[in-house]
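Each chain is listed here by its residues.
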Amino acid sequence: MEEIIPNLDEELLKRLVNQKTGEPLILTTTFLITKKDENGELSYFARSVKDYRQLENKQVIERYEIMKKYWEGKGVDYGIITNKEIPLMVAKNIEFIHPYFHLEEYGIEEEMQGFLKNRLVDMIGNSETKKINEILSMFDNEFNIDQGTGIAIYKHLLSRKILSVDMNEAISFKQSCNSVQILTKAEVGNSGSNYKYANPI
């Protein structure tokens, strides 16, 4: 606040303080996003996520203007995202797979992860006509591991963008393997499989 107070009028400053306690209001930004381009250069984007109805409140808009000045002063692009701009199905799909970003939390030992991920990508890449749930069941049986381990690894591969599905449609284990794209082999290695890798989206 100290950085931008000189640019604010007195009436606005009064509204940024709790009238009962005299404490300044805390303004928060939901996300600070770091993007690295192909040359390794970093750029930053600050985004506030709010219900669109809050934007009808003049005081809320004032606070966003303050945050915009703050981030612009640091050379960071700032913007507001409302629930109207977030596709509901995409959000649900992200919520569905994101908890599996780290496999260690599901008891899958780190030294086994690369091998298991590689094998599951192999099975999906070479089984165009089979359903995903069939492959996941075969995967669990092949390694005699707890039922559901294949599901965890499949979600992990989606969250890591090693595999890709249409995120505008509900993720289903009844999808056929040919509806799944293999985007990268960076984490799973090259086992000489005959399936083709797609270009990353």
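This is a predicted model, so every value here is computed, not measured.

(A) Spotlight on a nonpolar patch on the surface. Residues L32, L42 and Y44 make up a contiguous nonpolar surface patch of about 290 Å² in total accessible area. Mapped onto the elements of the fold, L42 is located in strand 2 (residues 42–50).

(B) View of the environment of M167. In this fold, M167 is placed in the loop between strand 4 (163–164) and strand 5 (181–182). Through-space distance from the C-alpha of M167 to that of N93 is 6.5 Å; in sequence the pair is 74 residues apart. Setting aside anything within four residues of it in sequence, one finds M167 in contact with M89, V90, N93, I94 and I97.

(C) How the structure looks around unusual backbone geometry. In this model, N144 sits at a positive phi of 50°, which is unusual for a non-glycine residue. Looking at the element boundaries, N144 is found in the loop between helix 5 (132–143) and helix 6 (149–159). A positive phi angle, near 60°, is found at K161, a position not held by glycine. Here K161 shows up in the loop between helix 6 and strand 4. K161 sits in the exposed class, given a relative accessible area of 60%.

(D) Geometry of the pattern of salt bridges. All chains considered together, the criterion is met by three salt bridges. Where R53 meets D51, a salt bridge forms, and the shortest distance between an N and an O atom there is 2.8 Å. The exposure class of R53 is exposed, given its relative accessible area of 52%. The partner of R119 in a salt bridge is E142, and the shortest N-O contact between them spans 3.0 Å. Here the residue R119 occupies a position in helix 4 (residues 110–125), and E142 occupies one in helix 5, the gap between them amounting to 23 residues.

Calculation rules
Here the residue index of a chain counts from 1 through its sequence in written order. Totals for whole chains, interfaces and linings use all residues, but because this is a predicted model, local features are given only for residues with pLDDT of at least 70 and pairs of side-chain atoms are given and counted only at 80 or more. Values shown for side chains rest on all heavy atoms present in the structure; no hydrogens or waters enter the calculation. Without a salt bridge and with relative accessible area above 30%, a residue can belong to a patch; like charges are then joined within 9 Å and nonpolar side chains (Val, Leu, Ile, Met, Phe, Trp, Tyr) within 5 Å. Working definition of accessibility: Shrake-Rupley area with a 1.4 Å probe, residue cover restricted to the visible protein chains. Take a side-chain nitrogen of Lys or Arg and a carboxyl oxygen of Asp or Glu: if they are within 4 Å of each other, that pair is a salt bridge. A helix here means a DSSP run of H or I that spans at least four residues, while a strand means a run of E at least two residues long, and both kinds are numbered starting from the N terminus. The contact criterion used is simple: two residues touch if any of their non-hydrogen atoms lie within 4.5 Å. Remark: exposure states derive from per-residue accessible area (1.4 Å probe, protein chains only) relative to the maximum for the residue type, with buried under 20%, exposed over 50%, and partly exposed in between.

So yeah, pure geometry; function would need other evidence.
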